[in-house]
Amino acid sequence: KQKTAYEISACLVGSEMCIRDRCAGRDKIETPEQFENSQKYCESLKLDGLIVIGGDDSNTNACLLAEYFKKNNCHTKVIGCPKTIDGDLKNDYVEVSFGFDTACKVYSEVIGNICVDTISSKKYYHFIRLMGRSASHIALECALLSRPTHTFIGEEVEAKQQSLAHCINELADLICKRAANGKDYGVVLVPEGLIEFIQEIKVLISELNTVLAKNISEEDKQKDVSDIFDLVLNHLTKDSAELLQYLPRTIAEQLLLDRDPHGNVQVSKIETEKLLILMVTSELEKRRSQNQYNSLFQPIPHFFGYEGRCCLLYTSDAADDLLCVDLGGRRIIKKKNN
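Calculation notes
- Numbers given to residues run from 1 along each chain, matching the order in which its sequence is written.
- Only residues with pLDDT of 70 or above have their local features reported here, since the model is predicted, and side-chain atom pairs are shown and tallied only from 80 upward, although totals for entire chains, interfaces and linings are computed over all residues.
- To get the side-chain values, take all heavy atoms of the structure and skip hydrogens and water.
- The buried label applies to any residue whose accessible area, calculated with a 1.4 Å probe on protein chains only, is under 20% of its type's maximum; exposed applies above 50%, and partly exposed to all values in between.
- Secondary structure elements follow DSSP: runs of H or I no shorter than four residues count as helices, runs of E no shorter than two count as strands, and numbering proceeds from the N terminus.
- The span expected for a helix works out to 1.5 Å for each residue beyond the first.
- Here the arc refers to the set of directions running from the helix axis out to each C-beta atom.
- Fitted lines through C-alpha atoms give the axes, limited to the stretch in contact for helices. The angle between two N-to-C directions lies from 0 to 180 degrees.
- Throughout this description, any angle smaller than 35 degrees is read as roughly parallel, any larger than 145 degrees as roughly antiparallel, any in the 65 to 115 degree range as roughly perpendicular, and the remainder as oblique.
- By the convention used here, residues are in contact when the closest approach between their heavy atoms is within 4.5 Å.
- Gly is placed with the polar residues, together with every amino acid not listed as nonpolar (Ala, Val, Leu, Ile, Met, Phe, Trp, Tyr, Cys and Pro) or charged (Asp, Glu, Lys and Arg).
- Here the nonpolar core consists of buried residues drawn from Ala, Val, Leu, Ile, Met, Phe, Trp, Tyr and Cys, with membership extended through side-chain atoms lying within 4.5 Å.
- Only centres within 6.5 Å qualify two rings of Phe, Tyr or Trp (six-membered ring in Trp) as a pair; their planes then separate them into stacked at under 30 degrees, edge-to-face at over 60, and tilted for everything else.
- Charges are assigned to positions over rings by a cutoff of 6 Å between ring centre and Lys NZ or Arg CZ, combined with an angular limit of 35 degrees from the ring normal.
- To count toward a patch, a residue needs a relative accessible area above 30% and no salt bridge. Like charges then connect within 9 Å, nonpolar side chains (Val, Leu, Ile, Met, Phe, Trp, Tyr) within 5 Å.
- All accessibility values rest on the Shrake-Rupley procedure with a 1.4 Å probe; residue burial counts only the protein chains present in the view.
- Salt bridges are defined by distance alone: a side-chain nitrogen of Lys or Arg within 4 Å of a carboxyl oxygen of Asp or Glu.

Q: What's the story with unusual backbone geometry in this structure? I'm lost.
A: Leave glycine aside and you will find that most residues have negative phi; peptide bonds, for their part, are mostly trans. One non-glycine residue, Gln161, lies in positive phi territory at about 55°. Residue classification places Gln161 among the exposed residues on the basis of a relative accessible area of 70%. Even without a glycine there, the phi angle at Asn291 is positive, about 60°. Looking at where Asn291 falls in the secondary structure, it is placed in the loop between α13 (272–289) and β6 (299–304). Taking relative accessible area as the criterion, Asn291 reaches 64% and is therefore assigned exposed.

Q: I keep staring at helix α7 (residues 164–180) and nothing clicks. Help me out?
A: Count 3.6 residues to each turn of an α-helix, and residues three or four apart come out pointing the same way. With 17 residues, α7 ought to run about 24 Å at 1.5 Å a step, and its terminal C-alpha atoms sit 25 Å apart, in line with that. Taken residue by residue, α7 has Leu164, Cys167, Ile168, Leu171, Ala172, Ile175, Cys176, Arg178 and Ala179 as its buried positions. Buried positions in α7, seen along its axis, are confined to an arc of 165° and lie on one side of it. What points out from α7, more than 90 degrees from its buried face, is the exposed set Lys177 and Ala180.

Q: How should I be thinking about the packing of helix α8 (residues 199–214) against helix α11 (residues 238–246) in this particular structure?
A: Helix-helix packing is characterised by the crossing angle of the two axes and by the distance between the axes. Orientation of α8 relative to α11, taken along the N-to-C sense of each, is 105°, at an axis distance of 10 Å. Taken as axis vectors, α8 and α11 run roughly perpendicular relative to one another. Across from Glu200, Ile201, Val203, Leu204 and Glu207 in α8, the residues of α11 making contact are Ser240, Leu243 and Leu244. Residue composition of the contact of α8 with α11, by class: five nonpolar, one polar and two charged.

Q: What is the right way to look at the nonpolar core in this model?
A: Nonpolar side chains tend to gather and get buried jointly when the protein is soluble and globular. Grouped together as the largest cluster of nonpolar side chains are 46 residues, with contacts concentrated most on Val232, Leu236, Leu244 and Leu255. When contributions to this core are tallied by element, the ones reaching two or more residues are β3 (125–130), α7, β5 (186–191), α8, α10 (225–233), α11, α12 (249–254) and α13. The greatest single-element share of this core, amounting to eight residues, is contributed by α7. Apart from the residues within four sequence positions on either side, Leu236 is in contact with Leu204, Glu207, Leu208, Val211, Ala241 and Leu244. Residues Phe100, Ala103, Ala139 and Leu189 belong to the second largest nonpolar core, which totals 18 residues.

Q: Looking at this structure, I do not really get the packing of aromatic side chains. What am I missing?
A: Two descriptors summarise a pair of aromatic rings, namely the distance from one centre to the other and the angle between the planes of the rings. With the rule as written, the count across this model stands at five aromatic pairs. Ring centres of Phe127 and Phe297 lie 6.3 Å apart, and the angle between their planes is 85°; this geometry places the pair in the edge-to-face category. With Phe127 in strand β3 and Phe297 in the loop between α13 and β6, this residue pair connects regions lying 170 residues apart in the sequence. Residue classification places Phe127 among the buried residues on the basis of a relative accessible area of 0%. Looking at Phe297, the relative accessible area reads 12%, which means it is buried. Linked through ring pairs, Phe35, Tyr68 and Phe69 together constitute an aromatic cluster. Sitting over the ring of Tyr41, Lys40 keeps its end group 5.3 Å from the ring centre.

Q: What am I meant to see in a nonpolar patch on the surface here?
A: On the surface, Ile51, Ile53 and Ile79 cluster together into a nonpolar patch covering about 250 Å² of accessible area. Note on placement: Ile79 falls in strand β2 (residues 77–82). Residue Ile79 is classed as partly exposed on the basis of its relative accessible area of 46%.

Encoded structure:
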């Protein structure tokens, strides 16, 4: 009997298509057992093809699976389908991955509402962190659509080799300039992965990855994060140790959180918008003591995450209903009602 997509999906569990007996979350296929189980399931279901839908990590899994299946004479063909709201999967054949335009429009609508409210209330600075670990495409597109007060672009920060202090001073200068014109309000967009584009933080993260993997025992990793912080300091270079101590303690401890299965810092758990708020507040207080700033700074942090990728698709992303019909249950219901 030919199995339906719903019967097959019950066996193929996991957002990253890691096919195992039990699997959930962002799992990476890397052990021999995981590859063997992947082939076992595909062969037991007599699949002609396995379509992996996702971003760079998912498509890396698809590539590894395809190579393994070919090497082991598995009949199942593996196809990688680029789908990421980050918009960082593109080439001559893929102009933009579907999901990007929809997410940007959803975020921009809310950002636009905040911009209008900010102009009305005239008393808050909204710091909005947007998704995008290794690319600032969402932040840039949302900035073009909503025209906020300031937008950090990670790639620009990296190209200009700007330090964290430079970013803070740049924003503080803007706030002081607006205050001089009677504007103690604004909207600042922050890409989720901004800190990984700042050179000294990139070096710090690299050192932390090495120290946590080689110098901190599994027993020590179970200790309170404040104790781990002290242990890690002893293994860092002087510059990185000073930077870790310079950062607000809550942010510094977030950098010590467990890595995801792909070895990446879990940037979604690092509150970059709060880091900027804390450090800009400190800089403005310093300037206040020097009579360079005499206004009121009232920041409000926001994080727009997964809610941007779970709505009905916009026209540009769903131009081909046959392609996108099965990617959202509500769209299926809508078609049935019609």
